[in-house]
Amino acid sequence: MKCLLSRKHRVIKCKAAVLWEQKKPFSVEEVEVAPPKAKEVRIKILATGICRTDDHVIKGAMVSKFPVIVGHEATGVVESTGEGVTTVKPGDKVIPLFLPQCGECNACHNPDGNLCIRSDVTGRGVLADGTTRFTCKGKPVYHFMNTSTFTEYTVVDESSVAKIDDAAPPEKVCLIGCGFSTGYGAAVKTAKVTPGSTCVVFGLGGVGLSVIMGCKSAGASRIIGIDLNEDKFEKAMAIGATECLSPKDSTKPISEVLSAMTGNNVGYTFEVIGRLETMVDALASCHMNYGTSVVVGAPPSAKMLTYDPMLLFTGRTWKGCVFGGWKSRDDVPKLVTDFLAKKFDLDQLITHVLPFKKINEGFELLYSGQSIRTVLTF
């Protein structure tokens, strides 16, 4: 018992990738990670994916305080717990959740809701008690989206962690913490794609490919992938797209091209880029009366959208989607179980696996378009 208490209450020194300011590379530093307070969990990270959302912080497209430890797509093992934690224990394999599930707010109570009130979408950068658990060179370092996974150890609130099957391979199921679940859920849960339907996916990065996997799983008969980078078409076809095209291939608006291709029968479109123009293109591309368009890509902050309201008046449905509509603590363990039962394949999304110290190289692969998902291992 004495040993357990001493482990629980000690500060851990470890390596973390700190962003000291915008538009600068990561600096791998020694940081101090404080013990978990009440209802908190300290996690040893085993593997973490590089997601475009992390880059939004570097570029300033997403609000954050600095210095900060980003990263939000990971698998780890519980190192210690604060008092009052009942749902996980030391040694449990877990996925940290950037979208918490407190079980008490309106979104958690509503069967269709998942945007828990405890989500940190405004860049507060602290845990529930208003403080941070990281320090580096004597300075406090902020958290990112309740997770902060570009570090050997992190501390999260109990509502931001899901216990998963111990047999799950960490370097694969970390994608269930963000990219895969977001895309797959956009198709099967948010859009509720129907068998035999025609789907169009704008943007063929890791999340877009996950949307294709969801459309295929839901029984869509035609899945059209759209991207300016034609190098992405081969992988999209391998994953389940039936055809791919580039908007550069025609002088006509993409909505007209798709209408002609499909006999005006696109049931579902997905914008997985985060560009205002393609959001309107995707809306215009689904059937004017019974089509559904889902915004999956995070839009740029502080930008307004202009569109013709007639696009909606005729009957289209325009939906948003956070984390694929999943209730994080309930659904992430089920998705891991589905992966272990071979209901979907994450290998197709992982193009590079690098040691954590090569994090800057991992981001270079993202910028150059060479990677779909790079996973960093510890």
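The structure under discussion appears in the preceding block.
Residues numbered from 1 in each chain as written. Predicted model: local features only at pLDDT ≥ 70, side-chain atom pairs only at ≥ 80, totals over all residues. Heavy atoms only, no water.

Chemist: Describe the packing of helix α2 (residues 52-59) against helix α12 (residues 359-368), with residues and values.
Modeler: Each packed pair of helices is defined by two parameters, the angle between the axes and the distance between the axes. At a minimum axis separation of 11 Å, α2 and α12 run at an interaxial angle of 95°. Here α2 lies roughly perpendicular to α12, going by the angle between them. Contacts between α2 and α12 involve R52, D54, D55, I58 and K59 from the first element and F363, L366 and Y367 from the second. Residues of the contact of α2 with α12, tallied by class, amount to 4 nonpolar, no polar and 4 charged. (Axes fitted to C-alpha atoms, helices over the stretch in contact; angles between N-to-C directions. Helix = DSSP H or I, 4+ residues; strand = E, 2+ residues; numbered from the N terminus. Parallel < 35°, antiparallel > 145°, perpendicular 65-115°, else oblique. Contact = heavy atoms within 4.5 Å. Nonpolar A, V, L, I, M, F, W, Y, C, P; charged D, E, K, R; others polar.)

Chemist: Give me the lowdown on the nonpolar core, citing residues and values where you can.
Modeler: In terms of nonpolar packing, the biggest core is built from 86 residues, with F150, I176, V193 and F270 touching the most fellow members. Looking at this core, the element that brings in the most residues is helix α6 (residues 206-217), giving 6 residues. V200, I224, L258 and A282 belong to the second-largest nonpolar core, a separate cluster that totals 11 residues. (Core = buried A, V, L, I, M, F, W, Y, C linked by side-chain atoms within 4.5 Å. Buried < 20%, exposed > 50% of the residue type's maximum accessible area, 1.4 Å probe, protein only.)

Chemist: Can you break down the side chain of E29 residue by residue, with the values?
Modeler: Secondary-structure assignment places E29 in strand β2 (residues 27-33). Only 2.7 Å separates the side chain of E29 from the side chain of S27, close enough to count as a polar contact. Side chain to side chain, E29 and K137 meet in a polar contact 3.3 Å long. Setting aside chain neighbours within four positions, we find E29 in contact with C14, K15, A16, V18, W20, C136 and K137. (Polar contact = N/O pair within 3.5 Å; in protein donor to acceptor, adjacent residues only side chain to side chain.)

Chemist: Tell me about the pairing of β2, and name the residues and values.
Modeler: Looking down a regular strand, the side chains alternate between one sheet face and the other. In this structure, strand β1 (residues 12-18) lies alongside β2, joined through 7 bridges in antiparallel fashion. Its bridge partner lying in β2, C14 is registered against V31. Strand direction decides the pairing type here: β2 and strand β6 (residues 134-136), joined by 2 bridges, are antiparallel. Bridging across to β6, V33 finds its partner in F134. (Pairing = 2+ DSSP bridges.)

Chemist: Mind laying out helix α9 (residues 276-285), listing which residues take part and the relevant values?
Modeler: The element α9 is extensively covered by neighbouring structure, given that 7 of its 10 residues are classed as buried. For α9, the complete set of buried residues consists of L276, T278, M279, V280, A282, L283 and S285. The inward-facing, buried residues of α9 abut β10 (198-202), α8 (254-262), β13 (268-271), β14 (292-295), α10 (310-313) and β15 (317-320).

Chemist: With reference to specific residues and values, describe empty space enclosed by the protein.
Modeler: The tally for this structure, following the rule as stated, stands at 2 cavities of 30 Å³ or more. Each pocket or cavity is described by its volume, and for the largest cavity that value is around 80 Å³. Lining the largest cavity we find 14 residues, and of these V63, S64, G123, F144 and M145 sit closest to its centre. Along the lines of polarity and charge, the residues of the lining of the largest cavity split into 7 nonpolar, 4 polar and 3 charged. Estimated volume of the second largest cavity: approximately 30 Å³. Along the walls of the second largest cavity sit L99, P100, Q101, A107, C108, G113, N114, K327 and S328, which together make up its complete lining. (1 Å grid on protein atoms, 1.4 Å probe; cavity = no way out; pocket = protein on both sides within 12 Å on 5 of 7 lines; lining within 4 Å. Points joined across faces, edges and corners; volume = space filled by probe spheres on them.)

Chemist: Let's hear about the packing of aromatic side chains: which residues, and what values?
Modeler: Across all of its chains, the model carries 11 aromatic pairs by this definition. Ring geometry for Y184 versus F344: centroids 5.4 Å apart, planes at 50°, classification tilted. Taken together, the residues span a long stretch of sequence, with Y184 in helix α5 (residues 179-191) and F344 in the loop between α11 (328-340) and β16 (350-355) at a distance of 160 residues. Y184 sits in the buried class, given a relative accessible area of 9%. Here the aromatic cluster, defined as three or more aromatic residues joined through ring pairs, consists of F26, F150, F363 and Y367. (Phe/Tyr/Trp six-rings, centres within 6.5 Å; stacked < 30°, edge-to-face > 60°.)

Chemist: Outline the environment of I212, listing residues and values.
Modeler: Assignment of secondary structure puts I212 in helix α6. Considering only alpha carbons, one finds I212 and M237, 25 residues apart in sequence, at a separation of 9.3 Å. Those residues in contact with I212, other than ones at most four positions away along the chain, are V201, L204, I223, A236, I239, G240 and A241.

Chemist: Now, about the pattern of salt bridges: what can you tell me, with residues and values included?
Modeler: By the definition in use, this model includes 16 salt bridges. One salt bridge connects R222 with E243, and the closest N-O pair in it is separated by 2.9 Å. Here R222, found in strand β11 (residues 222-226), pairs with E243, found in strand β12 (residues 243-245); they are 21 residues apart in sequence, far enough to count as distant. Residue classification places R222 among the partly exposed positions, given a relative accessible area of 23%. Via salt bridges that share partners, K37, E40, D129 and R133 belong to a single interconnected network. (Salt bridge = Lys/Arg side-chain N within 4 Å of Asp/Glu carboxyl O.)

Chemist: Could you give me a rundown of the sheet that holds strand β7 (residues 139-141), with the residues and numbers involved?
Modeler: Pairing is antiparallel in the open sheet, where 4 strands are placed in the order β1-β2-β6-β7. Single-partner strands in this sheet number two, and they are β1 and β7. When strand polarity is set aside, the average angle formed by the axes of neighbouring strands in this sheet is 45°.

Chemist: Any chance you could break down the layout of surface pockets for me, citing the residues and the numbers?
Modeler: Volume-wise, the second largest pocket comes out at about 220 Å³. Taken together, 13 residues form the lining of the second largest pocket, with K39, C102, R118, E158 and S159 sitting closest to its centre. Here the residues of the lining of the second largest pocket sort into 3 nonpolar, 2 polar and 8 charged.

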